[in-house]
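# Understanding the architecture of this molecule
In case you want the letters, here they are:
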Amino acid sequence: MKNQGSAKTLVIAEKPSVAQDIVRALTPVAGKFEKHDDHFENDQYVVTSAVGHLVEIAAPEEFDVKRGKWSFAHLPVLPPYFDLKPIDKTKSRLSAVVKQAKRKDVGQLINACDAGREGELIFRLIEQYAGGQKNGVYQSLGKPVRRLWLQSMTPAAIRDGFEHLKSDEQMQGLADAARSRSEADWMVGINGTRAMTAFNSRDGGFFLTTVGRVQTPTLSIVVEREEKIRAHKSRDYWEIHGSFLAEAGEYPGKWFDPNFKKPTGDDADAEQRADRVWSQREALAIAEAVQSKACSVKEESKPTTQASGLLYDLTSLQREANGRFGFSAKTTLQLAQSLYERHKALTYPRTDSRALPEDYLPTVKQTFEMLADSGMKHLAPHALTALNNGYIKPSKRVFDNSKVSDHFAIIPTLQAPSGLSDAEQKLYDLVVRRFLAVFFPSAEFMVTTRITSAVGHHFKTEGKVLVKPGWMAVYGKEAAEDVADAKEGDKGQSLVPVREGETVRAENVEPKALKTKPPARYSEATLLGAMEGAGKLVDDDELREAMQEKGLGTPATRAATIEGLLTEKYMLREGREMIPTAKAFQLMTLLRGLSVEELCKAELTGEWEYKLAQMEQGKLSRAAFMADIAAMTERMVKKAKEYDRDTIPGNYATLTTPCPNCGGVVKENYRRYSCVGKDGVGEGCGFSFGKSPAGRTFEPEEAEQLLRDKKIGPLEGFRSKAGWPFVAEIVIKFNEEDKNFKLEFDFGDDKKNEETGELVDFAGAESLGACPKCGNPVYEHGSNYVCSKTVPTEEQPTPSCDFKSGKIILQQPVAREQMSKLLETGKTDLLDKFVSMRTRRAFKAFLAWDKDAGKVNFEFEPRTSKFPPRKTVAGAPAKVAGAKKAAPAKKAAVKKAATPKAPRKTTPASGKQPSAALIAVIGEGLVSRPEVTKKLWDYIKANALQDSADKRKINADTKLQAVFGKPQVTMFEIAKLIGPHLS
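A brief report on the enclosed structure follows. All values derive from a computational prediction rather than experimental measurement.

### Remarks on the overall build of the protein
Scanning the protein from terminus to terminus reveals 26 helices and 36 strands. Counting over 983 residues, the protein shows a buried share of 47%. In the protein, the proportion of contacts linking residues at least 24 apart, taken out of those at least 6 apart, comes to 65%. Accessible area of the protein: about 49,600 Å², with a carbon and sulfur share of 50%.

This is the structure:
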């Protein structure tokens, strides 16, 4: 462990907690470390850490294509090399690590990131970024690198790892595989998304269509299940249930066919069962034949055992928490992360292992001792039982190095938590109970199978009696009714005894009419299971082997994948069910129609895993793998680019509402709902409307409602050509020029009533409160909440007030109760579904009445630290890394909350010089783009330049015409037209 020369060795761990573990392990052999803001240091080592990924790959500027210019002309994007880009939220940490790496007294680096592909990638990208750019390309730092490979985090294991460091050459295969996976995901995801978006945007607008190697096969699993549900045709069947009288009492039984064999083959009827009869006549005949008959009984009893479940990895924990508590995968990960980072109560949660290292037995015993002495009354007695009875002993089921990957299973730490939230407590208890149970003996049952027979018919009864609860005692399961799989008339009951050779009588035998059910929709728990086990769906043996225990994504990314599908509106979460949307079906139809189905299948991941494993072993070059990825990408783009048919084959709907123009049949195709004439097969009258106006796909029910009512909305999820979200109503109106009906957006501009002179009648409407401007009642009107004096009414034809606030603001619905609260108290509750037009990120804010501005504005929560200050041994607050830098940001956030209107100062770095034409409108001085837009709108409104017939159009005067270059523009063009006037 000695260092060569006087140069120090920089150790870079993946997480701060690991850096601390390394420092504790090295202190006895390398000397005491001094703690600094971002690192630990002694005479020999500097130890610092990342916080997961600090750097991500990106296309170099000259090869990148910005959104809004996504067309086939710019595809495929196959950069000859990748740029590196710091991740915004961890820039300060990256700077701190790079600063240590560049120190002149640091002679070599040790990669102490997690033992796996992702850990290798995290370190390699940081090291390359620290090397800086030479001729525009990031180069290696050039200092020697060695690898610390840890499977266990005990001090002894860490010290042993430092004695057996791996060379950089030994790790080259893993490094190549890590980079290749990252770059391949980027190339397929970026090119696939842009190609499918370009294809779907051919008719105009911007229809964002995201695809990815993990995301799309996951969506395919959900869509295929929904297709089976929709295609399912319910069938009638019957079960025959009997009640049999013995000397000791009655017991139930269910008819079955002892000769039944489960059908096999592609055409097998999966709904066939041994206890189902498919004809009512046959079911009645069986019941009548057995009724009141004497029956013989055969019985077999045998003991059986059931072991506790394995320790949790992240996916199994997410599945259990979803099933028990309804927590989403994202929520479970956040809770587990909080218990790990903030409370130090659980081990690292982002793991795919369900075993512990073989040298971890002493730590486990210490953990049981902590739990037994913790004062947690619901857990401590079980820990004490295990200690007193010697339950904690070596077992391959629990301790197995071969089943420990980058991390081991999730278990409690030696620190008893306090101050947990209700949700955190539930998750902590779940982990601790499983940790305790896995060391307890198996539960023991006596299972009795009784066959009751009469006139050639057989009835089965099963009893399952819990003899010794074993591990089930940890969960309070002391009786048969607590046992999983217990149900009335089948399992779980303790049967009345029957003497050997006793004859019983069929007391009451009845057929029970039932219907077959379609497969259940995926919940988040079952979808996580499907993602984890996706490799089982792969036919090819080698690919299936490569995907073994990997599945789609990693435990750490599966929650984000599901949330991404929900965010992009490919799926909806209804209760616990995950339901694919029309947009999801449209994507699957597109990928199947273009013959790029590899994007839908888990085989793609299997193929990659197989090749990456070969690369790790030195059997496949990185260049060969990336050449295959480039060829696949080019083929995918080419198929989308060259597809020239009008529609794509698919399973399309026929609407029940007739065409508004000619009364013909309206049918769906890939892109549109179109009239096909009264016979349903002709050309039709020309009436049609797009399925995905502004990138939002109609559900069939929505299309039906739009056609029936001629309007729908307001709806969320539309996107402008530049990709920004907006909310609008949609109407179908008759167009005089085309002599046909057309689809139009209606932005809910209620001022149109002023222009038409149409009076608004609020009689009978319920007021939400008093207008903050004039004190008159505020009502719902169209897509806004308005003062009664803001619109023309019979009492006041000419409006005298201008108070108005949208019912949906930045995609956040504002409920009546919230508007009432604002009018009464000046502020709503904290609302959490606003989506920024600039960043497209969700944010939380209050809506508050801004008296100075005379309108409703945002008010933000003061930012406070997520965690309480860390205490030192002496009890004083410890120094927090970067605290000095963070303080001004907090002050700024508080200041912003108090005065949300304050504009950002324009500096020489952020400001731009306007052209002479623009100066004539907005005045001189450096300006930012947002300032230009605001000043232009002030000018437009002051000079009443909005078109009276359509407020979205601007009639340019002489000054504006010099800026816009034409006499009339739409509001959506302004941002594009002012660009050339700023330098």
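### Notes on the nonpolar core
In summary, soluble globular proteins display a tendency toward joint burial of nonpolar side chains. Counting residues in hydrophobic clusters, the biggest one holds 89 residues, and the most contacted among them are Met-196, Leu-219, Met-571 and Leu-594. Broken down by element, this core gets its largest block of residues, 10 residues, from helix α5 (residues 172-200). When neighbours within four sequence positions are excluded, Leu-594 is seen to be in contact with Met-196, Phe-199, Lys-639, Ala-640, Tyr-643 and Ile-648. If you look at the next biggest cluster of nonpolar residues, it comprises 50 residues, including Leu-335, Phe-445, Met-472 and Val-474.

### A look at the side chain of Lys-611
With respect to the helices and strands, the residue Lys-611 is situated in helix α17 (residues 603-616). A distance of 3.2 Å separates the side chain of Lys-611 from the side chain of Asp-628, its partner in a polar contact.

### Topic: the sheet that holds strand β21 (residues 672-675)
Ordered in space as β20-β21-β22, the 3 strands form an open sheet in which the pairing is antiparallel. This sheet does not close on itself; its edge strands, each paired only once, are β20 (666-668) and β22 (688-690). Mean inter-strand twist for the sheet, computed between neighbouring axes without regard to direction, equals 15°. Relative to β21, β20 runs antiparallel, the two sharing 3 bridges. Looking across to β21, one finds that Lys-667 is bridged to Ser-674.

### Remarks on unusual backbone geometry
The step from Leu-75 to Pro-76 runs through a cis peptide bond, and the omega angle for that step is -5°. With respect to the secondary-structure elements, Pro-76 resides in the loop between β5 (55-58) and β6 (83-86). Residues other than glycine seldom take positive phi values, yet Asn-135 does so here, at roughly 55°. In this fold, Asn-135 is placed in the loop between β8 (133-134) and β9 (137-138). Positive phi, normally seen in glycine, also occurs at Val-455, with a value near 40°. Note on placement: Val-455 falls in the loop between β15 (443-454) and β16 (457-468).

### Digging into the packing of helix α1 (residues 16-30) against helix α4 (residues 155-163)
In a packed pair of helices, the relevant descriptors are the angle between the two axes and the axis-to-axis distance. Here α1 crosses α4 at 75°, and the two axes come no closer than 9 Å. When the axes of α1 and α4 are compared, the pair comes out roughly perpendicular. Together, Asp-21, Ile-22, Ala-25, Leu-26, Pro-28 and Val-29 of α1 and Pro-155, Ile-158, Arg-159 and Phe-162 of α4 make up the contact between the two elements.

### Description of the environment of Leu-810
Tracing the backbone through its elements, the reader meets Leu-810 in the loop between β30 (808-809) and β31 (812-813). For Leu-810, a relative accessible area of 26% corresponds to the partly exposed category. For the pair formed by Leu-810 and Lys-833, sequence separation is 23 residues and the distance between their alpha carbons is 8.2 Å.

The rules behind these values
Residues numbered from 1 in each chain as written. Predicted model: local features only at pLDDT ≥ 70, side-chain atom pairs only at ≥ 80, totals over all residues. Heavy atoms only, no water. Helix = DSSP H or I, 4+ residues; strand = E, 2+ residues; numbered from the N terminus. Buried < 20%, exposed > 50% of the residue type's maximum accessible area, 1.4 Å probe, protein only. Contact = heavy atoms within 4.5 Å. Areas by Shrake-Rupley, 256 points an atom, 1.4 Å probe, with all protein chains shown as cover. Core = buried A, V, L, I, M, F, W, Y, C linked by side-chain atoms within 4.5 Å. Polar contact = N/O pair within 3.5 Å; in protein donor to acceptor, adjacent residues only side chain to side chain. Pairing = 2+ DSSP bridges. Axes fitted to C-alpha atoms, helices over the stretch in contact; angles between N-to-C directions. Parallel < 35°, antiparallel > 145°, perpendicular 65-115°, else oblique.

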